[in-house]
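Fold and geometry: a report
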Number of protein chains: 2
Amino acid sequence: MFFEGAEKKLEIIVGPELQPLNKRPKEFWEKLVSQCEATILSTVENDKQTAYLLSESSLFVWDDRLLMLTCGQTKLIESAVTFIEEVGADNVECLFFQRKNEYRSHLQPSDFIADAKRLGKLLDGEAIRLGKMHSHHTQLFYTTKEYKPIAGDRTCELLMYDMAPEVISFLTREDLTKEEIRDFFQLEKILPDFNLDDFVFKPYGYSLNGIRGEDYFTIHVTPQETSPYISFETNLKICEKSQVLLHQILEILRPFSFDVMTFNCSTEFDFGSTYMKTIHVADQINVGYDVHFRYYNKRMDSPEKVYRYKELI
Amino acid sequence: MFFEGAEKKLEIIVGPELQPLNKRPKEFWEKLVSQCEATILSTVENDKQTAYLLSESSLFVWDDRLLMLTCGQTKLIESAVTFIEEVGADNVECLFFQRKNEYRSHLQPSDFIADAKRLGKLLDGEAIRLGKMHSHHTQLFYTTKEYKPIAGDRTCELLMYDMAPEVISFLTREDLTKEEIRDFFQLEKILPDFNLDDFVFKPYGYSLNGIRGEDYFTIHVTPQETSPYISFETNLKICEKSQVLLHQILEILRPFSFDVMTFNCSTEFDFGSTYMKTIHVADQINVGYDVHFRYYNKRMDSPEKVYRYKELI
């Protein structure tokens, strides 16, 4: 069974009139989430943010912004349009809407270009593609309204494909508990002191939100045999302080390949001799963000075998 | 404008009752080609084969086999099904049906799995994927009926993505002649003594069939800005004699990346320091063919810039 793990992503920064955004009632967010055909599974909060775990990924809300990630066949564009129309376009200071290339785009309710056109009718903006059409790439719509990112506004996404066979075997066991998965990811060691909120899907699949002050991280696991995928995203100071965190995650999951997408985090990454960088796109987008998209591939000792479809014939 | 250059490919080897296949009248092939919503533009033939240039790619017919390549949104599966039903499944000795991963699969009338299921109802066969779902890959349906490939039955496909900017500038000129394009490809030098049949599309795009005895090669150029692509395919002894031919083509076109797909041609390729091999799948399929799928990426000196959508907003 194929599942499009790659997330669609929406980030909206709002003006003072709408702040504090995180104090809005759960009903407001429930309605927003329902627009993209997802539901809220559970919530964790502190005085800086509220994190909602969704049936398809996550929603984080701070004083001045929201971040929403949804995977599968969700219609994130509907949530984006609903939010803008409800709060008024003038109250949107900055918006990013992002979609990775999909490998079964015919199963999606819309494509990036159609989504970007809808946003472009509501807000002044531009659309870009990071990477070649014929390879791994991501597409981004962003507003062009004048805006200066606040200090510490950075994001790092680590999107991992085709993890090591033992990892997939473990993550596709049907009786896993939250504790077993947290242990597998060594969360206490590599990301201590976070408040965690997680969910194990049936027959498998796992989502986790972690918050600590204004910091967050989120993990989404779709280990389906034909298209295993795990995403990790955070606003931690990955670049300055701890590339080591990414190394630790890669060592646990040993993917065949992965993307690293960063906003305002321009240090060069080094993943040693195991992986080679095969794509690197870097640019500045005119709202004041440095964006980098990188794709890494495992070095191969010997050719791999073909995948034989079992369910087909 | 996006155009899905990647070809769908059909090869059918027939039993003695249907031979000589290449002596069937043009009307038979016209009807077959119309099933996938293409048309025959022109023809070149010798005593071993007939090559039809199509509105979307090519059809070659020999005594015992046919090879059909179609790109864009063509329905090659319809031609395959029509042929099998018309000649009878018992007269099909061996069949391959192949589709590359598409980057706009939602614009396609069907997906590979649906196509393979239709073939599986008519012929005993298996379906495989060469390469990861989350990266460049190709998918192949093949018959499992006992069959021994004849001597010299080999194929090499060179599928090139995102050629050098000067190459794209040249190939998207709107007033190019056949002669200018043949010269650009240095065909007289690198592939002498072939009978050529070619066509320049409006506003641009180019297809060429070349035949010499039982040998063939074919080139299809879709230089569209958002997804430039050129394919080259041949049954020449690329591996044993002349990897040099592939080097020459790569030197002319300087793609950012390319696939090499081979049947019964297992020599290791070496593309020097310009390109690194990032994917290699090798296997034997049980009708007696060694298949290899390789993907190569240019080594990068510096990051590339984003692509800005102009037509969008």
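Residues numbered from 1 in each chain as written. Chains lettered and ligands numbered in written order. Predicted model: local features only at pLDDT ≥ 70, side-chain atom pairs only at ≥ 80, totals over all residues.

1. What to know about the overall build of chain A
Worth spelling out the cut-off: A helix here means a DSSP run of H or I that spans at least four residues, while a strand means a run of E at least two residues long, and both kinds are numbered starting from the N terminus. A residue pair is marked as a contact if its C-beta atoms, positioned from the backbone, fall within 7 Å.
Of regular secondary structure, chain A possesses 7 helices and 17 strands. Dimensions of chain A along its principal axes, counting C-alpha atoms only, are 55 × 45 × 40 Å. Residue pairs at least 24 apart in sequence account for 65% of intrachain contacts in chain A once pairs closer than 6 positions are excluded.

2. A short note on the pairing of strand E13 (residues 229-234) of chain A
Residues and elements named next belong to chain A. Keep this limit in mind: A residue is called partly exposed when the number of other C-beta atoms within 10 Å of its own lies between 12 and 20, exposed at 12 or fewer, and buried at 20 or more, with C-beta atoms placed from the backbone. For two strands to be treated as a pair, DSSP must find at least two bridges joining them.
With respect to burial, E13 is a largely interior element, 6 of its 6 residues being buried. Side chains of E13 alternate between two faces, with Tyr229, Ser231 and Glu233 and Ile230, Phe232 and Thr234 buried alike. Of the strand pairs in this sheet, strand E9 (residues 155-161) and E13 are connected by 6 bridges, and their pairing is antiparallel. Residue pairing across strands places Leu159 opposite Ser231, the latter belonging to E13. Inspection of the sheet shows strand E12 (residues 215-222) paired to E13 by 6 bridges, in the antiparallel sense. Bridge pairing in E13 places Thr218 opposite Glu233. Linking two consecutive strands that pair antiparallel, namely E12 and E13, is a turn of 6 residues.

3. Looking at helix H1 (residues 26-35) of chain A
All names here are of chain A. Counted only if it meets this: By arc we mean the arc of the directions from the helix axis to the C-beta atoms, nothing more.
Considered for burial, the residues of H1 that qualify are Trp29, Leu32 and Val33. Projected onto a plane normal to the axis of H1, the buried residues spread over an arc of 95 degrees and lie on a single side. Among the exposed residues of H1, those pointing more than 90 degrees away from its buried face are Glu27 and Glu30. For H1, the elements touching its buried residues are strand E2 (40-45), strand E3 (49-54), strand E4 (57-62) and helix H2 (76-87). Directly after H1, the chain includes Glu37, whose backbone phi takes a positive value near 65 degrees.

4. Quick notes on the relation of the copies chain A and chain B
Here is the rule we go by: Least-squares fitting of one copy onto the other uses the C-alpha atoms of those residues that reach a pLDDT of at least 70 in both copies.
Superposition of chain A onto chain B requires a rotation of 180 degrees combined with a translation of 0.0 Å along the rotation axis, giving an RMSD of 0.0 Å. Taken together, these values place the two copies in the relation of a two-fold axis. An overlap of 100% is found between the interface residues of chain A and their copies at the interface of chain B, pointing to a shared contact surface.

5. Looking at the environment of Glu86(A)
All names here are of chain A. Here Glu86 lies in helix H2. Under the C-beta neighbour-count criterion, Glu86 is labelled exposed, with 11 such atoms within 10 Å. Taking the C-alpha atoms as reference, Glu86 lies 16 Å from Leu10; in sequence the two are 76 residues apart.

6. A look at the sheet that holds strand E5 (residues 65-70) of chain A
One open sheet holds the 9 strands; their spatial order is E2(A)-E3(A)-E4(A)-E5(A)-E1(A)-E6(A)-E8(A)-E7(A)-E17(B), and the pairing between them is antiparallel. Edge positions in the open sheet fall to E2 of chain A together with strand E17 (307-308) of chain B, since each of these has one partner strand only. By the bridge criterion, 5 bridges tie strand E6 (residues 92-100) of chain A to strand E8 (residues 138-143) of chain A in an arrangement that is antiparallel. Note on E8(A): the bridge partner recorded for Gln98(A) is Leu140(A).

7. Let's talk about the interface of chain A and chain B
Filter applied, for reference: Residue polarity is assigned by list, with Asp, Glu, Lys and Arg as charged and Ala, Val, Leu, Ile, Met, Phe, Trp, Tyr, Cys and Pro as nonpolar; anything else, Gly included, falls into the polar class.
Contacts between chain A and chain B engage 45 residues on the former and 45 residues on the latter. A class-by-class count of the residues in the side of chain A that touches chain B yields 20 nonpolar, 14 polar and 11 charged. Across 2 bridges, the pairing between strand E17 (residues 307-308) of chain A and strand E7 (residues 125-130) of chain B is antiparallel. Considered in E7(B), the bridge of Tyr307(A) is made with Arg129(B).

8. Topic: the sheet that holds strand E11 (residues 206-212) of chain B
Think of a sheet as strands paired side by side through backbone hydrogen bonds, with each pair either parallel or antiparallel. Residue and element names in this part refer to chain B. Definition in use: Angles shown run from 0 to 180 degrees and are taken between the N-to-C directions of axes, each axis being a line fitted to C-alpha atoms and, for helices, limited to the stretch in contact.
Strand order across the open sheet formed by 8 strands is E10-E11-E12-E13-E9-E14-E16-E15, with antiparallel pairing between neighbours. Here the strands that pair on one side only, and so sit at the sheet edges, are strand E10 (195-200) and strand E15 (275-285). Ignoring which end each strand starts from, the neighbouring axes of this sheet average 10 degrees apart. The sheet contact formed by strand E14 (residues 257-263) and strand E16 (residues 289-298) spans 7 bridges and is antiparallel. The partner of Thr262 across the bridge, within E16, is His292.

9. Here's the deal with the packing of helix H1 (residues 26-35) of chain B against helix H2 (residues 76-87) of chain B
All names here are of chain B. Keep this limit in mind: What sets the label is the angle itself: under 35 degrees gives roughly parallel, over 145 gives roughly antiparallel, 65 to 115 gives roughly perpendicular, and the rest give oblique.
Running from amino to carboxyl end, H1 crosses H2 at an angle of 135 degrees, the nearest separation of the two axes being 7 Å. Judged by the angle between their axes, H1 and H2 are oblique. Judged by residue contacts, Leu32, Val33 and Gln35 of H1 engage Glu78, Ser79, Thr82 and Phe83 from H2. Taken together, the residues of the contact of H1 with H2 sort by class into 3 nonpolar, 3 polar and 1 charged.

10. Topic: unusual backbone geometry
Here the bond from Gln19(A) into Pro20(A) is cis, since omega is 0 degrees, no more than 30 degrees from zero. With respect to the element layout, Pro20(A) can be found in the loop between strand E1 (8-14) and H1. Here the bond from Lys202(B) into Pro203(B) is cis, since omega is -5 degrees, no more than 30 degrees from zero. Within the secondary structure, Pro203(B) is located in the loop between E10 and E11. Positioned with a positive phi, Asn264(B) is a non-glycine residue whose angle comes to about 55 degrees. Of the residues examined, Asn264(B) has 18 C-beta atoms within 10 Å and is grouped as partly exposed.

11. Quick look at helix H7 (residues 243-253) of chain B
All names here are of chain B. Buried within H7 we find Ile249, Leu250 and Leu253. Each buried residue of H7 lies within a common arc of 100 degrees when the element is viewed along its axis, so the set occupies one face. In H7, those exposed residues whose orientation departs by more than 90 degrees from the buried face are Val244 and Glu251. Looking one or two residues past H7, Arg254 carries a phi angle of roughly 40 degrees, positive in sign.

12. Concerning the environment of Asp270(A)
Along the chain, the position of Asp270(A) falls in the loop between strand E14 (257-263) and strand E15 (275-285). C-alpha separation for the pair Asp270(A) and Pro303(A), spaced 33 residues apart in sequence, amounts to 25 Å.

13. Thoughts on the pairing of strand E5 (residues 65-70) of chain B
Residue and element names in this part refer to chain B. Burial of E5 is extensive: 6 of the 6 residues sit out of reach of the surface. By the alternation rule, side chains of E5 split into Arg65, Leu67 and Leu69 and Leu66, Met68 and Thr70, which are all buried. Relative to E5, strand E1 (residues 8-14) runs antiparallel, the two sharing 6 bridges. Its bridge partner lying in E5, Leu10 is registered against Met68. Pairing of strand E4 (residues 57-62) with E5 involves 4 bridges; the strand directions are antiparallel. For Leu59, the partnering residue across the bridge sits in E5 and is Met68. What sits between E4 and E5 in their antiparallel hairpin is a turn of 2 residues.

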